[in-house]
2 protein chains.
Amino acid sequence: MNTAAAFADFRSYPLISALTAAHPLADRIVVYWADGRISPYHHVWLRDNCPCPQCVYTVTREQVLEIVDVPEDLAPATLRIDDGGCLCIDWQDGHASRFDPGWLRAHAYDDETRAERQAGKPKSRLWDSSLSLPVFEFAALKEDPKALLQWLVALRDTGLTQVRGVPTEPGSLAEVARLISFIRPTNFGVLFNVQSKADADSNAYTAFNLPLHSDLPTRELQPGLQFLHCLVNDAEGGESIFVDGFAIADALRREDPAAFRALSEIPVEFRNKDRNSDYRCLAPVIALDSSGQVSEIRMANFLRGPFEASVEQMPVLYGAYRRFIAMTREARFRVMQRLNPGELWCFDNRRTLHARNAFDPATGTRHFQGCYIDRDELLSRILVLQR
Amino acid sequence: MNTAAAFADFRSYPLISALTAAHPLADRIVVYWADGRISPYHHVWLRDNCPCPQCVYTVTREQVLEIVDVPEDLAPATLRIDDGGCLCIDWQDGHASRFDPGWLRAHAYDDETRAERQAGKPKSRLWDSSLSLPVFEFAALKEDPKALLQWLVALRDTGLTQVRGVPTEPGSLAEVARLISFIRPTNFGVLFNVQSKADADSNAYTAFNLPLHSDLPTRELQPGLQFLHCLVNDAEGGESIFVDGFAIADALRREDPAAFRALSEIPVEFRNKDRNSDYRCLAPVIALDSSGQVSEIRMANFLRGPFEASVEQMPVLYGAYRRFIAMTREARFRVMQRLNPGELWCFDNRRTLHARNAFDPATGTRHFQGCYIDRDELLSRILVLQR
């Protein structure tokens, strides 16, 4: 059995520490590492994760074993650490498994290793009006995978970036987006044109100011990344404004905990409708992950439906909503910049709220193109570039 | 002001009951209906929902008013019910609002109306092996909006349908999908070919049996609808199998509440990786909505990563997982049918698990095409057809 071929996920797992001993208990094996760590692994977990070619199809690297087909009380007949430092198990039913120590350590689930892994996860870096905007050159992103990775990590962790040196021909945006992945289409198309239109089907397609918002809060999954590419910007006004929705939620949590609670608990309906579509999504403005951390902001006043809450909750919800909107208008949070032709914004649409000042179409043309890519694609691209 | 034009969501609201009186309180107006219902509306709610052309842009039907710009203590100066039965408010700041009684009743938030609205929401109809499969003819779906609506409602509420009479030319599936909306692309393409391939990047593209699973549990948002269209099916084996994941979760909740709890609380990682992508999603197998109802099943054993849970939780998680998988294999839940050329499955990928028996590529060709559409699109299409 080749240990290298057995890795089922295209990653390599460096040897952090050597296996020094493995002791069998009734339902698990306790592994001792050279650095003092002690990691228990249940028999069922080990059998389930056997990387041999009978259990994992080598072409797709996907599991063919289903653990339900293994007896619940399967236990090792013998176990040993081999010359390569691998944990080798001969099971009572005759099957044999061999685990690389790097892989085993990377997947250990003792409390200490789990805490270590949790601490190593990427974290959002909150920002305010003093943000030093991460700016990237399109030419470098195309040629240099390291520059590309830097851009993508900035998108993941800061959530607001600018790219310069992009051609101003309509459609050029697709070339930038494809550096990450395919584009997520919506009812507005693959690339959408942000221009003032007489028959606008969204306030985005007028010359109005647009208050700070996320795009498509009307969908169960708001687009992860939004691109806004400037082709022409001759009209007066129309400056872009951004705030870090996570920073505002964080401040709200400290400054008005009851308002924070209302916005994270009471669902609000967002609606997007025209002659051919009728999207509705009911969800809180502030989403929390399972550990209570802010994971998403959903907000567009112009797409919001009438609040539905109990008579008691209604004033609480309005108070919280007003407070949140008022905070998005505070100078301490806002970054404002006018985009020039050949520049584009790319930002985390589920975190960074964007706005535009009103512009005057009588003074000149303003033509932006936009598109969306989902967060799954961003994270996948980062993992591939990091291999 | 034209009340009809003021409806901001392309719907009509029939008059359920007439407004008989409206009494002002300090922070709200209490409305009395002819059928005895009493509905309070807070001043702020009414002002926020003013449908006049100053507050809602008539072209896009989107709000331009932001409630934060209205004083918190704004109250009516006068109020009356006009000849058209509408509630008319002159606000202290001079603004005037007029509310249609049908719209007002449809959005009332007294406890009784809220409970009524909740009870009127569509509900999943659970099924087992005795399912009478909803079957539709492609020709009828194309020509008759009523037939189309029936199909879509079956998809929403039953979650498993078959469509017959579809051409067998490759690509024909797109024509069926477009009856609903645009297709959701993935790293597998827009239409994907389900065939046994030497260089498979998923076990789906082998001749193996595939255990009951949802597609792309590796994405934050699993595709809402999955289509599988049979072009050629000359190989022995390869029967399609379906179970209602909601019915299994429901049975698990009754038969083994601890297992149900483990699968709805402990997140599991699903992975999908090849040379160019590396998708990972951490989420529980059973998702619950805010009211504790089962809202989604996420499951594909061949895409599952190693379990990560505390040492205490691990045996509980394995026990629950084994139990769930064992239930998907029980005859009481399973519907099995071989698909013929020109037929397609369309099902709720977030609820209905699908499987395929192994087939023997030596006995003939088997060629299916598939694609995805998200639940947002299905629900939007239903709402438009129901207008």
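Residues numbered from 1 in each chain as written. Chains lettered and ligands numbered in written order. Predicted model: local features only at pLDDT ≥ 70, side-chain atom pairs only at ≥ 80, totals over all residues. Heavy atoms only, no water.

Moving on to the overall build of chain A. Along the backbone of chain A there are eleven helices and 24 strands. Projected onto its principal axes, the C-alpha coordinates of chain A cover approximately 80 × 55 × 40 Å. Summed over its atoms, the accessible surface of chain A is roughly 15,300 Å², and 51% of this surface lies on carbon and sulfur atoms. Here chain A holds 43 positive side-chain charges and 51 negative ones, and the gap between their average locations is 4 Å. (Helix = DSSP H or I, 4+ residues; strand = E, 2+ residues; numbered from the N terminus. Areas by Shrake-Rupley, 256 points an atom, 1.4 Å probe, with all protein chains shown as cover. Lys, Arg positive; Asp, Glu negative; His and termini not counted. Charge placed at Lys NZ, Arg CZ, Asp CG, Glu CD.)

For the rest of this paragraph, the subject is helix α11 (residues 375-386) of chain B. Counting along an α-helix, one turn takes 3.6 residues, and residues three or four places apart therefore face a common direction. Given a rise of 1.5 Å per residue, twelve residues ought to cover 16 Å, and the 17 Å separating the end C-alpha atoms of α11 of chain B matches this to within 8%. Taken together, the buried positions of α11 of chain B are Asp376, Glu377, Leu378, Ser380, Ile382, Leu383 and Val384 of chain B. If you follow the buried residues of α11 of chain B, they end up packed against β17 (278-283) of chain A together with α6 (145-157), β13 (225-233) and β24 (366-373) of chain B. (Expected span 1.5 Å × (residues − 1). Buried < 20%, exposed > 50% of the residue type's maximum accessible area, 1.4 Å probe, protein only. Contact = heavy atoms within 4.5 Å.)

With that out of the way, let us pick up the pairing of strand β19 (residues 294-297) of chain A. Residues and elements named next belong to chain A. Where strand β18 (residues 286-288) and β19 come together, three bridges link them in antiparallel fashion. Of the residues in β19, the one forming a bridge with Ala287 is Glu296. Hairpin connection between β18 and β19: a loop of five residues separates the two successive antiparallel strands, and Gly292 in this loop has a positive phi of roughly 85°. (Pairing = 2+ DSSP bridges.)

Residue and element names in this part refer to chain B. Tracing the chain through its elements places Phe227 in strand β13. For Phe227, a relative accessible area of 0% gives the class buried. For Phe227 and Leu173, which are 54 residues apart along the polypeptide, the C-alpha to C-alpha distance reads 8.0 Å. When neighbours within four sequence positions are excluded, Phe227 is seen to be in contact with Trp151, Leu173, Val176, Ala177, Ile180, Leu344, Trp345, Cys346, Gln369, Gly370, Cys371 and Ile373.

Here we come to the interface of chain B and chain A. With 88 residues of chain B at the interface, the matching set in chain A holds 87 residues. Across the chain B/chain A interface, buried area totals approximately 7,600 Å², and carbon plus sulfur atoms make up 50% of it. In terms of surface lost to chain A, no three residues of chain B exceed Glu62, Val311 and Arg322 of chain B, which account for 9% of the buried area on that side. For the pair chain B and chain A, the number of links is 14 salt bridges. Inspection of the region where chain B meets chain A yields 44 residue pairs in polar contact (both at pLDDT 80 or more). Mapped by element, the contributors of at least two residues to the side of chain B that touches chain A are β3 (38-42), α2 (43-48), β5 (62-63), α4 (111-119), β16 (268-273), β17 (278-283), α10 (313-328) and α11 of chain B. Considering each element in turn, the side of chain B that touches chain A owes the most residues, seven residues, to α10 of chain B. Looking at the side of chain B that touches chain A residue by residue, the class counts come to 40 nonpolar, 17 polar and 31 charged. (Buried area = accessible area lost by both parts, 1.4 Å probe. Salt bridge = Lys/Arg side-chain N within 4 Å of Asp/Glu carboxyl O. Polar contact = N/O pair within 3.5 Å; in protein donor to acceptor, adjacent residues only side chain to side chain. Nonpolar A, V, L, I, M, F, W, Y, C, P; charged D, E, K, R; others polar.)

Going through the model one piece at a time under the given rule, you end up with 26 aromatic pairs over all chains. Pairing Phe192 of chain B with Tyr372 of chain B gives two aromatic rings, centres 5.0 Å apart and planes at 35°, and the pair type is tilted. Of this pair, Phe192 of chain B sits in strand β11 (residues 192-194) while Tyr372 of chain B sits in strand β24, and the two are 180 residues apart along the sequence. Ring pairs connect the aromatic residues Tyr41, Trp45, Phe99, Trp103 and Tyr109 of chain A, which therefore count as one cluster. One residue, Arg105 of chain B, lies across the ring of Trp33 of chain B, its end atom 5.3 Å from the ring centre. (Phe/Tyr/Trp six-rings, centres within 6.5 Å; stacked < 30°, edge-to-face > 60°. Lys NZ or Arg CZ within 6 Å of the ring centre and 35° of its normal.)

So, about the pattern of salt bridges. Tallying each qualifying case throughout the model produces 54 salt bridges over all chains. Measuring nitrogen to oxygen at the nearest pair gives 2.7 Å for the salt bridge that ties Asp278 of chain A to Arg280 of chain A. Note that Arg351 of chain B and Asp244 of chain B form a salt bridge whose closest N and O atoms lie 2.8 Å from each other. In this pair, Arg351 of chain B sits in the loop between β21 (344-348) and β22 (352-356) while Asp244 of chain B sits in strand β15 (residues 240-244), placing the two residues 107 residues apart along the sequence.

Picture the strands of a sheet paired through backbone hydrogen bonds; they go either parallel or antiparallel. Residue and element names in this part refer to chain B. Strand order in this open sheet of three strands is β6-β7-β8, and the pairing throughout is antiparallel. Looking at the sheet topology across the chains shown, the edges are occupied by β6 (76-81) and β8 (96-99). Here the strands of the sheet are splayed against their neighbours by 15° on average, with no regard to which way each runs. Here four bridges tie strand β7 (residues 87-91) to β8, and the two strands are oriented antiparallel to one another. Residue pairing across strands places Asp90 opposite Ala96, the latter belonging to β8. (Axes fitted to C-alpha atoms, helices over the stretch in contact; angles between N-to-C directions.)

Our next topic: the UniProt feature "domain: Gamma-butyrobetaine hydroxylase-like N-terminal" (unreviewed entry) in chain A. The sites that UniProt annotates as "domain: Gamma-butyrobetaine hydroxylase-like N-terminal" (unreviewed entry) are residues 27-104 of chain A. Annotation note: span residues 27-104 of chain A, helix share 13%, strand share 38%, distance between end C-alpha atoms 18 Å. (UniProt positions renumbered as here; feature names shortened; annotations may be inferred.)

Both copies of the chain are placed relative to one another by a rotation about an axis and a shift along it. Rotating chain B by 180° and moving it 0.0 Å along the rotation axis overlays it on chain A with an RMSD of 0.0 Å. Here the transformation between the copies is reduced to the relation of a two-fold axis. (Least-squares fit on C-alpha atoms with pLDDT ≥ 70 in both.)

Turning to the sheet that holds strand β20 (residues 335-337) of chain A, a few remarks are in order. Residue and element names in this part refer to chain A. What the four strands build is an open sheet, ordered β12-β22-β15-β20; its pairing is antiparallel. Only two strands of the sheet have a single partner each, and these edge strands are β12 (210-213) and β20. Across the sheet, the axes of successive neighbouring strands diverge by a mean angle of 15°, strand direction being ignored. Bridge count between strand β15 (residues 240-244) and β20: three bridges; the pairing is antiparallel. Bridging from a neighbouring strand, Phe242 pairs with Val335 of β20. This element, helix α8 (residues 245-255), spans β15 and β22 (352-356) of the sheet and lies at about 45° to β15.

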